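Examination of the molecular architecture
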Amino acid sequence: MDSILRVEDLHISFRARGGEVQAVRGVDFEVRKGEAIAIVGESGSGKSVTAQSIMRLLPSPPSFVKQGSITFMGRNLLELSEREMESVRGKEIGMIFQDPMTSLNPTLTIGHQITEGLIKHQGASRQAARARALELLKLVGIPNPEDRFSQYPHSFSGGMRQRAMIAIALSCNPALLIADEPTTALDVTIQAQIMRLMKDLQERFGTSIILITHDLGVVADFCDRVIVMYGGQVVETGTKWDIFRSPQHPYTRGLLRSMPRLDQPKGEPLVPIVGTPPDLLVPPQGCAFCARCDEAMGVCVDHDPELLPVGQSGQTAKCWLHHPLAKEVRHETAKR
Amino acid sequence: MKDTRANGLTKEMFRKLSFRPPAETLAGESVPVWRDVLRRLASSKLAMSGVVFLVLLAIMAIVGPLVSPHDYYTNNLDHTNEPPSSEYWFGTDSLGRDLFSRIWMGARISLTVGLAAAMIDLVIGIVYGGIMGYVGGRTDEAMNKISEILYSIPYLLVVILLLVVLEPSMWTIILALSVTGWINMSWIVRGQIMQLKNQEYVLAARSMGAGGARMLFKHLIPNTLGPIIVTLTLTVPSAIFSEAFLSFLGLGVQSPAASWGTMINDSLTSFTLYPWQMAFPAVLISLTMLAFNVFGDGLRDAFDPKLKK
Amino acid sequence: MKPQNVNSKPTAQSPGPSRKSIVPLSGQSSGQSHVRPIGGGATPLLEVERLSKFFSVGGGQTLKAVNDLSLTVGKGETLGIVGESGCGKSTAGRTIMRLYEPTSGATRFEGRNIYDMKGTELKRLRREMAMIFQDPYASLNPRFSIADIIAEPLDIHHLAGSGKERRRKVEELLERVGLRSEHASRYPHEFSGGQRQRIGIARALAADPKLIVCDEPISALDVSIQAQVVNLLQELQRSLGLTYLFIAHDLSMVKHISDRVAVMYLGKLVELAESSELYANPKHPYTQALLSAIPVPDPQVEAQKERIVLSGDLPSPVNPPSGCPFRTRCPYATEKCAAEVPAFREVSPAHWASCHYA
């Protein structure tokens, strides 16, 4: 499959009081055509910053890209002018945000907000745009699209607003859809509706999707490949089967272990990850997870691990445990 | 991929640590919030230059008229309209009065009015707004209506009505200010308290059985202090400007008392001939307003660094 | 801190929620059946009886945030309350804490109706019931030092005789929740979310309460931190014999921590049962949908799961549907559901649900 987006060695920092917060520290990944990938991580892992930098939505200052490139369909987005970027946003890359309450303009009708992009990017006539908007509203499962078209966001519930957001994001048939925590602000029953809708649409139109989320549960149902981020870095990548069935980074393992499962017998205590995430104002010299890791080795303290391949399926983990020397040492200890 | 062996990795380094590597501890020394605010304020050059100017202005307002060899009210018809000189540092006006003394007397009036406005804000505005916010419900509705009605009366009208009964003076202006000047503050305090009332730490205090006094003085008021102070630094310059403006119109301070507004008015007829007569008060008014505004902005940013772009 | 409030044996091991003898109160027959689902220990610590809390929302309309809620919490038990946003679970918690005055109904703590209490009795109650809040950023006064925050209950109730004793108690509490005693002089903004939540827990423990109402204590925290806080809560329950009312929307966490679970929908209780029973055998269609909607971090499970996706949105609690509140989204709704309010009844031993067809 062709790659439509390639992020290489991306470093993004924020200027803050007391120095520079290194929010993203060398992120590499690619998205292929028609693929759904998930970027999973906790707050402060850099996942949202990465997503917003693709759309060039980060305010600068205080943020700035230190190095790296974001290549979308052969063009480095970081080098485009603001005007060129405008034609990429909404037209070639759509975005859905976390908070459906604030991501729609309260002073414009839903219909206006959907047709806006169609008229601007595709030069559609008012009539054609309206017809397409009604079609989109129906597609995302909004009942009575004719009435809803001329209503304002405040008369929509949270789930409905998120559907409207999806309609806007899809209006110009983008090649890539970035969904930044699209269901975090919604209740579980509504979350299930929205995730099902996104999955249907992805299968129908072959849109590539980047799903940014902190919820591993959502990922297991939705995505093909998973990228796990921690402390501004990618710590593990793999198919969803790799990640959930044989996680190779201690952080991924810890994350899965610390979640209670419905089929777990009662009384079994949870296994938390001790400690707190690193302060990215002064990122650790070695592995970012080292201070919370049960399997930390001497090398982890002052050497930043590389993303090492594990197994045959293309799974990678940024962990020294997969270094040949670590395997040798384990082998020796086991023999003794 | 880099050759890791060349990086000096040895087998020894790959043994499991028997201890957990030290996690980062809380960075920096512990500072109470208000000290943090002061530090942020001090780090803003613009805000500090405003503070320095205001302090100098206050000092000059106190000592200026004392160090000048001439008083501010004696007419001296032998020395009218003199330019600045070693004898008359800022020159004289059309009646031969020493402008240097008059300027600092004007500063006294300006600062007094500013201070009075601040006191009115603090006393009436906070109490009224605090009651509206804390009690809420019908009391709030009624009190809010009253302040809305007061707010809708044009300020000039209040002054002119007051002048029917009172002599025009600085005190008349202060009285006029106290009719409407505090309303903005009361709305700000009301909004703040209403917002804070639903904060979880206020609920927490209630759930622990905290009484009204503890709620108000430990939890609510200290946390509204930021917006209160910021509002004050914006009320003061607008009060100062109102005084200058009213005095300029002849509705405020009357000769021989000196206000920046009356001084500008006096210089108006002959300002092409004797521009310094207007320049000194005009520049001082502008600088004072500017100083208060940059100081207020600096304070606002210091209280809430997130607001800063 | 000494576990001086423990007036019974460690009870967490034997919550005994599987009591069979449940006696609905007599004299009730209509659709609005009046029941007291009892559970927990032999003596309920907290009894909530037909509690309602309505808010007037202008235009003569009322929002029925909590509508006729009855439940009991036994000593040493954890009762979970789950539901989606707007179902009234937080309002219920706050009314039970008497942060809101109820519209009707009673909450009895050790047999005494807390809404009748005044003066010293109410103040005494404030020591015995504590609350942990959702937002670790908003629940601590930013102008207080950690010592002042944790010692606030001590200060309010004059529980620390001297400054030295106060300091000692604060340090004990800090260590108890896994923070270091030297943190006492710091300020909330210097801590991470998980650490702040620990501070909130220390504050709740300060006056030796018997009951802690936990209002979504972990939903604002990261996954890896949630487990830390839940483990801490469970450890404290074991060592101090605490009783929890645990309000949350995360069903898997509620199942993990609770002995019994109550499910709320539009201000009403729709189901209440022992937690593994509720999850294994949900009777109410809403509970079934809720459970099936939880995403499981396992692609195999997800691939095989028959997910009940509810259509539509939560109706407004200002204008709830007639009859069964869930009928507008229920896949099995019939005409009866629109006409009659289903009784909250015991559908199997110790398992209560309000559905005509359960």
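Residues numbered from 1 in each chain as written. Chains lettered and ligands numbered in written order. Predicted model: local features only at pLDDT ≥ 70, side-chain atom pairs only at ≥ 80, totals over all residues.

Scanning chain B from N- to C-terminus turns up 11 helices and zero strands. Beginning at the N terminus, the succession of helices and strands in chain B can be written as α-α-α-α-α-α-α-α-α-α-α. Here the C-alpha atoms of chain B give a radius of gyration of 28 Å, more than 25% beyond the 19 Å that 2.2 N^0.38 yields for 309 residues. In terms of principal-axis extent, the alpha carbons of chain B reach across some 100 × 65 × 35 Å. Counting across all 309 residues of chain B, residues that qualify as buried make up 38%. Contacts in chain B between residues at least 24 apart in sequence constitute 69% of all its contacts with a sequence separation of at least 6. (Helix = DSSP H or I, 4+ residues; strand = E, 2+ residues; numbered from the N terminus. Rg over C-alpha atoms; globule rule 2.2 N^0.38 Å. Buried ≥ 20, exposed ≤ 12 C-beta atoms within 10 Å, placed from the backbone. Contact = placed C-beta atoms within 7 Å.)

Counting residues in each nonpolar core, the largest one holds 261 residues, and the members touching the most others are A:A38, A:I210, C:I150, C:I212 and C:L245. Sequence-distant contacts of C:L245, defined by excluding residues within four places in its chain, comprise C:V73, C:L79, C:I81, C:G93, C:I96, C:L211, C:V213 and C:C214. (Core = buried A, V, L, I, M, F, W, Y, C linked by C-beta atoms within 7 Å.)

On to the interface of chain A and chain C. Taken together, the 37 residues of chain A in the interface contact 34 residues of chain C. When residues of the side of chain A that touches chain C are traced back to their parent elements, those giving at least two are α6 (158-170), α7 (188-205), α8 (216-222), α9 (240-245) and α10 (250-258) of chain A. For the side of chain A that touches chain C, the element with the most residues is α7(A), which contributes six residues. For the side of chain A that touches chain C, a count of residues per class yields 18 nonpolar, 11 polar and eight charged. (Nonpolar A, V, L, I, M, F, W, Y, C, P; charged D, E, K, R; others polar.)

Attention now goes to the sheet that holds strand β4 (residues 104-109) of chain C. Backbone-to-backbone hydrogen bonds join strands into a sheet, with any given pair of strands oriented parallel or antiparallel. Residue and element names in this part refer to chain C. Pairing is antiparallel in the open sheet, where four strands are placed in the order β2-β1-β4-β5. Edge strands, defined here as strands with exactly one partner in the open sheet, are β2 (62-74) and β5 (112-113). In the sheet, β4 pairs with β5 via two bridges, with the strands oriented antiparallel. Following the sheet pairing, F109 is matched in β5 by R112. Each of β1 (44-56), β2 and β4 touches helix α1 (residues 89-96); the most contacted strand, β2, lies at about 65° to it. (Pairing = 2+ DSSP bridges. Axes fitted to C-alpha atoms, helices over the stretch in contact; angles between N-to-C directions.)

Let's shift gears to the packing of helix α2 (residues 45-67) of chain B against helix α11 (residues 275-303) of chain B. All names here are of chain B. Packing of α2 against α11 brings their axes to within 8 Å, and their N-to-C directions diverge by 135°. Classified by the angle their axes make, α2 and α11 are oblique. The two elements α2 and α11 cross, and the hand of that crossing is left-handed. Two secondary-structure elements touch here, α2 through L46, A47, G50, V51, F53, L54 and L57 and α11 through L287, T288, A291, F292, V294, F295, D297, G298 and L299. Along the lines of polarity and charge, the residues of the contact of α2 with α11 split into 12 nonpolar, three polar and one charged. (Parallel < 35°, antiparallel > 145°, perpendicular 65-115°, else oblique. Left-handed = near helix turned anticlockwise from the far one by under 90°.)

Let's shift gears to α1(C). An α-helix turns once per 3.6 residues; consequently, residues spaced three or four apart project the same way. Residues and elements named next belong to chain C. The element α1 is extensively covered by neighbouring structure, given that eight of its eight residues are classed as buried. Those residues of α1 that sit buried are K89, S90, T91, A92, G93, R94, T95 and I96. Residue R98 follows α1 closely and has a positive phi angle near 55°.

Another aspect to go through is the environment of B:L284. All names here are of chain B. Structurally, L284 is set in helix α11. Remark: the alpha-carbon pair of L284 and N223, spanning 61 residues in sequence, is separated by 35 Å. Those residues in contact with L284 that lie beyond four places of it in its chain are I103 and W260.

All names here are of chain B. Here, the residues flagged by UniProt with the feature "transmembrane region" (unreviewed entry) are residues 46-67, 109-137, 149-166, 172-189, 224-253 and 273-296. Across residues 109-137 one finds 97% helix and 0% strand; the C-alpha atoms that close the span lie 41 Å apart. Structurally, residues 149-166 is divided into 83% helix and 0% strand, and its ends, taken at the C-alpha atoms, are 23 Å apart. (UniProt positions renumbered as here; feature names shortened; annotations may be inferred.)

Let us look at helix α4 (residues 126-139) of chain A. All names here are of chain A. Across its 14 residues, α4 extends 20 Å between first and last C-alpha, which sits within 8% of the 20 Å expected from 1.5 Å per residue. A129, A133, L136 and L137 are the residues of α4 that are buried. Around the axis of α4, the buried residues are gathered within 100° of arc, so they sit on the same side. Exposed and oriented more than 90 degrees from the buried face of α4 are Q127 and E135. Buried positions along α4 lie against α3 (110-122), α5 (145-149) and α6. (Expected span 1.5 Å × (residues − 1). Arc of directions from axis to C-beta.)

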